[in-house]
Amino acid sequence: MPAVATALAAVGPSTRHAVVFPSAAVAACLAQELTEAVKATAAVKGIPLPTAPLDIAKAPFEVDSLVVVSILCAVEPILGVELSEQVVRTGGYPSVQAAIDHLMPRIEAQWAAKIGS
(Lines give C-alpha, C1' and ligand atoms only; values in the text may rest on other atoms or scores of the structure.)
Protein backbone atom coordinates (compact mmCIF):
# COMPACT_ATOMS: atom_id res chain seq x y z
CA MET A 1 0.00 0.00 0.00
CA PRO A 2 1.46 3.41 -0.90
CA ALA A 3 2.49 5.65 2.00
CA VAL A 4 -0.31 8.20 1.37
CA ALA A 5 -3.00 5.51 1.35
CA THR A 6 -1.54 3.99 4.52
CA ALA A 7 -1.55 7.37 6.24
CA LEU A 8 -5.17 8.04 5.19
CA ALA A 9 -6.27 4.60 6.36
CA ALA A 10 -4.64 5.26 9.75
CA VAL A 11 -6.60 8.51 10.11
CA GLY A 12 -9.91 6.76 9.44
CA PRO A 13 -13.02 7.84 7.60
CA SER A 14 -13.76 11.47 6.95
CA THR A 15 -15.53 13.31 9.75
CA ARG A 16 -17.20 15.67 7.31
CA HIS A 17 -20.92 14.96 6.99
CA ALA A 18 -23.08 16.11 4.13
CA VAL A 19 -25.96 18.30 5.23
CA VAL A 20 -29.11 17.67 3.24
CA PHE A 21 -31.78 20.31 2.66
CA PRO A 22 -34.87 19.28 4.66
CA SER A 23 -37.26 19.76 1.74
CA ALA A 24 -40.10 17.61 3.11
CA ALA A 25 -40.13 19.44 6.44
CA VAL A 26 -39.93 22.87 4.78
CA ALA A 27 -42.70 22.06 2.28
CA ALA A 28 -44.93 20.65 5.04
CA CYS A 29 -44.38 23.72 7.20
CA LEU A 30 -45.12 26.08 4.32
CA ALA A 31 -48.23 24.12 3.35
CA GLN A 32 -49.56 24.13 6.90
CA GLU A 33 -48.85 27.79 7.59
CA LEU A 34 -50.09 29.02 4.21
CA THR A 35 -53.25 26.91 4.45
CA GLU A 36 -54.03 28.30 7.90
CA ALA A 37 -53.46 31.86 6.66
CA VAL A 38 -55.75 31.30 3.66
CA LYS A 39 -58.44 29.73 5.85
CA ALA A 40 -58.31 32.69 8.25
CA THR A 41 -58.54 35.22 5.42
CA ALA A 42 -61.37 33.30 3.75
CA ALA A 43 -63.30 33.17 7.04
CA VAL A 44 -62.98 36.93 7.52
CA LYS A 45 -64.04 37.63 3.94
CA GLY A 46 -66.81 35.01 3.93
CA ILE A 47 -65.28 33.11 1.04
CA PRO A 48 -65.98 29.37 0.96
CA LEU A 49 -63.01 27.04 0.60
CA PRO A 50 -62.71 23.31 0.02
CA THR A 51 -62.27 21.31 3.22
CA ALA A 52 -59.36 19.04 2.24
CA PRO A 53 -55.90 20.64 2.65
CA LEU A 54 -54.75 19.47 -0.80
CA ASP A 55 -57.83 21.02 -2.37
CA ILE A 56 -57.24 24.27 -0.47
CA ALA A 57 -53.64 24.32 -1.74
CA LYS A 58 -54.83 24.11 -5.34
CA ALA A 59 -57.81 26.46 -4.96
CA PRO A 60 -57.51 29.84 -6.64
CA PHE A 61 -57.11 32.16 -3.66
CA GLU A 62 -54.84 35.18 -3.57
CA VAL A 63 -52.02 34.73 -1.04
CA ASP A 64 -50.66 38.13 -0.01
CA SER A 65 -46.87 38.52 -0.18
CA LEU A 66 -46.72 40.17 3.26
CA VAL A 67 -48.43 37.12 4.75
CA VAL A 68 -45.89 34.88 3.04
CA VAL A 69 -43.00 36.98 4.40
CA SER A 70 -44.35 36.55 7.93
CA ILE A 71 -44.66 32.78 7.37
CA LEU A 72 -40.94 32.54 6.57
CA CYS A 73 -40.34 32.85 10.31
CA ALA A 74 -41.97 29.44 10.80
CA VAL A 75 -39.51 27.85 8.36
CA GLU A 76 -36.34 29.40 9.78
CA PRO A 77 -36.08 27.11 12.86
CA ILE A 78 -36.20 24.06 10.57
CA LEU A 79 -33.31 25.42 8.50
CA GLY A 80 -31.27 27.06 11.22
CA VAL A 81 -30.83 30.18 9.10
CA GLU A 82 -32.61 33.47 8.67
CA LEU A 83 -34.29 33.86 5.29
CA SER A 84 -34.41 37.05 3.27
CA GLU A 85 -37.82 38.33 2.27
CA GLN A 86 -36.44 38.45 -1.27
CA VAL A 87 -37.46 34.80 -1.70
CA VAL A 88 -41.08 36.01 -1.79
CA ARG A 89 -42.62 37.24 -5.04
CA THR A 90 -43.81 40.84 -4.85
CA GLY A 91 -47.56 40.93 -5.33
CA GLY A 92 -48.25 37.51 -3.85
CA TYR A 93 -49.43 34.23 -5.34
CA PRO A 94 -52.62 32.92 -6.96
CA SER A 95 -52.74 29.85 -4.67
CA VAL A 96 -51.01 28.10 -1.81
CA GLN A 97 -49.45 25.60 -4.22
CA ALA A 98 -48.13 28.38 -6.46
CA ALA A 99 -46.50 29.96 -3.41
CA ILE A 100 -44.87 26.68 -2.37
CA ASP A 101 -43.68 25.96 -5.92
CA HIS A 102 -42.07 29.40 -6.15
CA LEU A 103 -40.61 29.47 -2.65
CA MET A 104 -39.03 26.03 -2.33
CA PRO A 105 -36.12 26.45 -4.81
CA ARG A 106 -35.42 29.97 -3.55
CA ILE A 107 -35.43 28.92 0.09
CA GLU A 108 -33.14 26.00 -0.72
CA ALA A 109 -30.75 28.31 -2.61
CA GLN A 110 -30.54 30.73 0.32
CA TRP A 111 -30.07 27.86 2.76
CA ALA A 112 -27.28 26.36 0.62
CA ALA A 113 -25.53 29.72 0.37
CA LYS A 114 -25.60 30.16 4.14
CA ILE A 115 -24.87 26.57 5.15
CA GLY A 116 -22.24 26.15 2.46
CA SER A 117 -23.30 22.76 1.17
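Below: a short report on this structure. Keep in mind it's a predicted model, so treat the numbers as computed, not measured.

### Focus on the overall build of the protein chain
Here's step 1: Across its full length, the protein chain holds five helices and zero strands.
Here's step 2: Counting from the amino terminus, the protein chain carries its helices and strands in the arrangement α-α-α-α-α.
Here's step 3: When burial is assessed residue by residue, the protein chain has 32% of its 117 residues classed as buried.
Here's step 4: Taking as baseline every contact in the protein chain between residues at least 6 positions apart, the subset at least 24 positions apart corresponds to 68%.
Here's step 5: A total of about 7300 Å² of accessible surface is found on the protein chain, and carbon and sulfur atoms cover 61% of it.

### Quick look at the environment of Leu66
Here's step 1: Relative to the helices and strands, Leu66 resides in helix H4 (residues 65–79).
Here's step 2: Accessibility expressed as a relative area gives 65% for Leu66, which makes it exposed.
Here's step 3: Between the C-alpha atoms of Leu66 and Glu85, which are 19 residues apart in sequence, the distance is 9.1 Å.

### Quick word on helix H2 (residues 23–45)
Here's step 1: Across its 23 residues, H2 extends 32 Å between first and last C-alpha, which sits within 8% of the 33 Å expected from 1.5 Å per residue.
Here's step 2: Residues of H2 that are buried include every one of Val26, Cys29, Leu30, Leu34, Thr35, Ala37, Val38 and Ala42, and no others.
Here's step 3: Where H2 is buried, its residues meet helix H3 (53–58), H4 and helix H5 (96–115).
Here's step 4: Gly46 occupies a position one or two residues after H2 and carries a positive phi of about 70°.

### Description of the packing of H4 against H5
Here's step 1: Where H4 meets H5, the closest approach of the two axes is 12 Å, and the angle between their N-to-C directions is 45°. If you check the angle between H4 and H5, you find them oblique. As H4 packs across H5, the resulting crossing turns out to be right-handed. Taken together, the residues of H5 that come into contact with H4 (itself represented by Val68, Leu72 and Leu79) are Leu103, Ile107, Trp111 and Ile115.

### Looking at the environment of Ile78
Here's step 1: Checked against the element boundaries, Ile78 lands in helix H4.
Here's step 2: Counting along the chain gives 53 residues from Ile78 to Ala25, while the straight-line C-alpha distance between them is 7.3 Å.
Here's step 3: Excluding anything up to four places from it in sequence, Ile78 contacts Pro22, Ala25, Val26 and Cys29.

### A short note on H4
Here's step 1: If you check H4, its first and last C-alpha atoms are 21 Å apart, about what 15 residues at 1.5 Å a residue would give, namely 21 Å.
Here's step 2: Taking the largest bend as the criterion, H4 deviates by roughly 30°, centred on Cys73, and proline Pro77 comes between one and four positions later.
Here's step 3: Buried residues along H4 sit against H2 and H5.
Here's step 4: The N-capping residue of H4, defined by a side-chain oxygen 2.8 Å from the backbone nitrogen of Leu66, is Asp64.
Here's step 5: Count one or two residues on from H4 and you reach Gly80, which has phi positive near 75°.

The rules behind these values
- Residues numbered from 1 in each chain as written.
- Predicted model: local features only at pLDDT ≥ 70, side-chain atom pairs only at ≥ 80, totals over all residues.
- Heavy atoms only, no water.
- Helix = DSSP H or I, 4+ residues; strand = E, 2+ residues; numbered from the N terminus.
- Buried < 20%, exposed > 50% of the residue type's maximum accessible area, 1.4 Å probe, protein only.
- Contact = heavy atoms within 4.5 Å.
- Areas by Shrake-Rupley, 256 points an atom, 1.4 Å probe, with all protein chains shown as cover.
- Expected span 1.5 Å × (residues − 1).
- Axes fitted to C-alpha atoms, helices over the stretch in contact; angles between N-to-C directions.
- Parallel < 35°, antiparallel > 145°, perpendicular 65-115°, else oblique.
- Left-handed = near helix turned anticlockwise from the far one by under 90°.
- Bend = angle between axes of the 7 residues up to and from the residue.
- Polar contact = N/O pair within 3.5 Å; in protein donor to acceptor, adjacent residues only side chain to side chain.

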